[in-house]
Structure formats: C-alpha cells, structure tokens
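Structure at a glance
Chain residues, written in single-letter form:
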Amino acid sequence: RGTTDQFRLCVPPMQLKSPGVPGVEVRPVVMARVTVEPDQVVIFSDSCILKGSKIIEDIGINDFFDFTINIYLTWKNEMGDRLITARAEIDVDLDPPGPFALVPKNIIEAVGNRALSIALDALLKDFMWNLGLDFDRWAADENYRKEREEMGKELGAELSSVEDLNESLLRYLIKR
C-alpha cells in the first residue's frame, strides 16, 4: 500500500530465538520508494519499524537502530537471452538497548542478520511474484500491453526532460 512510487511492506511475523534471551516475535514494516531509471529500477528505504512482542515496544527498539536498503533490478533483453537480476545492499547500525546491551555483539549480529535476511527475502519474493503476474497479464492482454506502452512513453518523456535538465545544470556549473 502507498502512493504510485511508495509502498509499505509488512513482513510476516518471525520468531527470533537466541541462547539466554527469551523468544521474541518481530514484524518489520518497511516504507520503500521506487525509482525507475533507463537501465534499472531502484527500490530504496531508510524507514523500518519493528513491531511484535511486547518487549519490542517496552524497550523502544525502534529508537536504537538506523536502516538503509537499496535493491537494484536490472534486465537483459537480447535475442534468446532474457533475464531480470536483483541485487540488494543493506546497512543497519545498532546501538543495543537495555538487556540486549549485555548480549554478546556476535549473537545480536547473528539474530539481526537473520531477521534482515528474512525481511529482504520476503520483499524480493513478493516483488518478483508480482512482476511475474504483471508479465503474465502483459503477455495475454493486448489492451494491457498498449496501456503499459503508453505509460512507458510518458515515463521516457519525463526521464529525458530530467536528463536534459541535469545536462543544462552541469553546463551551467562548469561555466561558473
């Protein structure tokens, strides 16, 4: 859910368990932005809210980390060779609160990496699933193909005007 270039991803609940720490249910909610470029689609987020077990709220875990993710989708469409590739970069800075400060950093990192891996897999899986559904519709529905072609033309015009603006700005800055 969201605007045409933003969406909210609600990751299904995960149970995180680690020795010496009670099990915790975590449900990440990520707000992401989509940017379409001529040679790639970029999905970006720096907003992740963790919901779940009462302890998540009690210790205010959301105040103790910063999150950034970039997912790059690229494609290859040459004779007989069609491929979509997804690559992700994720960065989380964590300052463990309260009782978690007593847990060795390698355990916190292992639990955090697992949670992020699950969230990232869910995001990519959902996106690729919807992309596949969209392709199936595109392949079977001529009107849908025409609609998408028109959207592509409009987007292309927008992108070329942005590129013209960037080139003009660059020329202006070089002259100064």
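Remember, it's a predicted structure, so these values are computed and weren't measured experimentally. Here the residue numbers are simple positions, counted from 1 along each chain's written sequence. The predicted nature of this model means local features are confined to residues of pLDDT at least 70 and side-chain atom pairs, given and counted, to a pLDDT of 80 or more, with totals for whole chains, interfaces and linings taken over all residues. Computation of side-chain values: all heavy atoms of the structure, hydrogens and water removed.

**Looking at the nonpolar core**
What counts here: To form a nonpolar core, buried Ala, Val, Leu, Ile, Met, Phe, Trp, Tyr and Cys residues must be joined to one another through side-chain atoms within 4.5 Å. Buried means the residue's accessible area, taken with a 1.4 Å probe over protein chains only, is under 20% of the maximum for its type, while exposed means over 50%, and partly exposed covers the values in between. Helix numbering and strand numbering both begin at the N terminus, where a helix is a DSSP run of H or I of at least 4 residues and a strand a DSSP run of E of at least 2. Here, residues are in contact when the closest pair of their heavy atoms is within 4.5 Å.
Counting residues in each nonpolar core, the largest one holds 27 residues, and the members touching the most others are Val26, Leu50, Phe67 and Ile71. Contributions of two or more residues to this core are made by strand 1 (6-10), strand 2 (14-18), strand 3 (21-37), strand 4 (40-52), strand 5 (65-78) and helix 2 (105-140). Ignoring sequence-local partners within four residues, the contact set of valine 26 consists of Pro12, Pro13, Met14, Leu16, Leu50, Lys51 and Ile56.

**Points about the environment of threonine 85**
Tracing the sequence through the fold places threonine 85 in strand 6 (residues 81-94). Separated by eleven residues in the primary sequence, threonine 85 and threonine 74 have C-alpha atoms spaced 5.3 Å apart.

**Here's the deal with a nonpolar patch on the surface**
Rules: To count toward a patch, a residue needs a relative accessible area above 30% and no salt bridge. Like charges then connect within 9 Å, nonpolar side chains (Val, Leu, Ile, Met, Phe, Trp, Tyr) within 5 Å. Per-residue and other accessible areas were derived by the Shrake-Rupley procedure at a 1.4 Å probe size, with only the shown protein chains allowed to occlude residues. Salt bridge criterion: a side-chain nitrogen from Lys or Arg within 4 Å of a carboxyl oxygen from Asp or Glu.
A grouping of Trp75, Ile84 and Met128 is seen on the molecular surface, where their side chains present a nonpolar patch of about 270 Å² in accessible area. With respect to the secondary-structure elements, isoleucine 84 resides in strand 6.

**A word on the pattern of salt bridges**
Under the counting rule described, the total for this entry stands at four salt bridges. One salt bridge connects arginine 27 with glutamate 25, and the closest N-O pair in it is separated by 2.8 Å. Here lysine 54 and aspartate 58 are joined by a salt bridge, their closest N and O atoms 3.0 Å apart. Here aspartate 58 and lysine 54 lie together in helix 1 (residues 54-58), a separation of four residues that amounts to about one turn. You can call lysine 54 exposed: its relative accessible area is 60%.

**Regarding the side chain of serine 45**
For clarity, the threshold we go by: Definition of a polar contact: a pair of N or O atoms within 3.5 Å, with one able to donate and the other able to accept a hydrogen when the atoms are protein atoms, and with sequence-neighbouring residues admitted only if both atoms are side-chain atoms.
Assignment of secondary structure puts serine 45 in strand 4. Residue serine 45 is classed as buried on the basis of its relative accessible area, which comes to 1%. At 2.5 Å, the side chain of serine 45 and the backbone oxygen of methionine 31 are in polar contact. A distance of 3.1 Å separates a polar side-chain atom of serine 45 from the backbone nitrogen of serine 47.

**Quick look at the confidence of the model for the protein**
Where we set the bar: The predictor attaches a confidence to each residue, called pLDDT, with possible values from 0 through 100.
A residue-level look at the protein finds 82% of positions with pLDDT of 70 or above and a mean pLDDT of 75. Mean pLDDT in the protein bottoms out at helix 3 (residues 142-175), which sits at 58, and peaks at strand 4, which reaches 88. Long-range and interchain partners of residues 161-176, a stretch whose pLDDT sits below 50, account for one contact in this model, where long-range means more than four residues apart.

**What to know about the pairing of strand 6**
Let me state the cut-off plainly: Should DSSP find at least two bridges between two strands, the strands are taken to pair.
The pairing of strand 5 with strand 6 spans 14 bridges and is antiparallel. Across the sheet, the residue bridging to isoleucine 69 is isoleucine 90, located in strand 6. Between strand 5 and strand 6, which pair antiparallel in sequence order, lie two residues; one of them, glycine 80, sits at a positive phi of approximately 75°.

**Overview of the packing of aromatic side chains**
Which entries qualify depends on this criterion: Between the rings of Phe, Tyr and Trp (Trp by its six-membered ring), a pair exists once the centres lie within 6.5 Å; its type follows the angle of the planes, with under 30 degrees stacked, over 60 edge-to-face, and the other angles tilted. Only when the NZ atom of a Lys or the CZ atom of an Arg is both within 6 Å of the ring centre and within 35 degrees of the ring normal do we say a charge sits over the ring.
Within the structure shown, the criterion is met by zero aromatic pairs. Lying over the aromatic face of tryptophan 138, arginine 145 brings its terminal NZ or CZ to 5.9 Å of the ring centre.

**Comments concerning the layout of surface pockets**
If you roll a probe as big as a water molecule over the atoms, it shows you where there is empty space left. How we decide: With a 1 Å grid laid over protein atoms only, a set of points is called a cavity when a 1.4 Å probe fits there but cannot get out and a pocket when it is open yet has protein on both sides within 12 Å along at least five of seven lines; lining residues have an atom within 4 Å of a point. Grid points are joined across faces, edges and corners, and a volume is the space filled by probe spheres set on the points. Each residue is assigned to one of three groups, with Ala, Val, Leu, Ile, Met, Phe, Trp, Tyr, Cys and Pro labelled nonpolar, Asp, Glu, Lys and Arg labelled charged, and all others, Gly among them, labelled polar.
Roughly 900 Å³ of internal volume is contained in the second largest pocket. Forming the boundary of the second largest pocket are 40 residues, of which Leu94, Ile108, Val111, Gly112 and Asn113 lie nearest the centre. Listing elements by their share of the lining of the second largest pocket, those giving two or more residues are strand 2, strand 3, strand 4, helix 1, strand 5, strand 6 and helix 2. At twelve residues, helix 2 tops the list of elements feeding residues into the lining of the second largest pocket. Taken together, the residues of the lining of the second largest pocket sort by class into 32 nonpolar, three polar and five charged.

**Overview of the environment of phenylalanine 65**
Topologically, phenylalanine 65 is positioned in strand 5. Residues phenylalanine 65 and isoleucine 49, spaced 16 residues apart in sequence, show a C-alpha to C-alpha distance of 9.8 Å. When neighbours within four sequence positions are excluded, phenylalanine 65 is seen to be in contact with Cys48, Leu50, Val92, Asp93 and Leu94.

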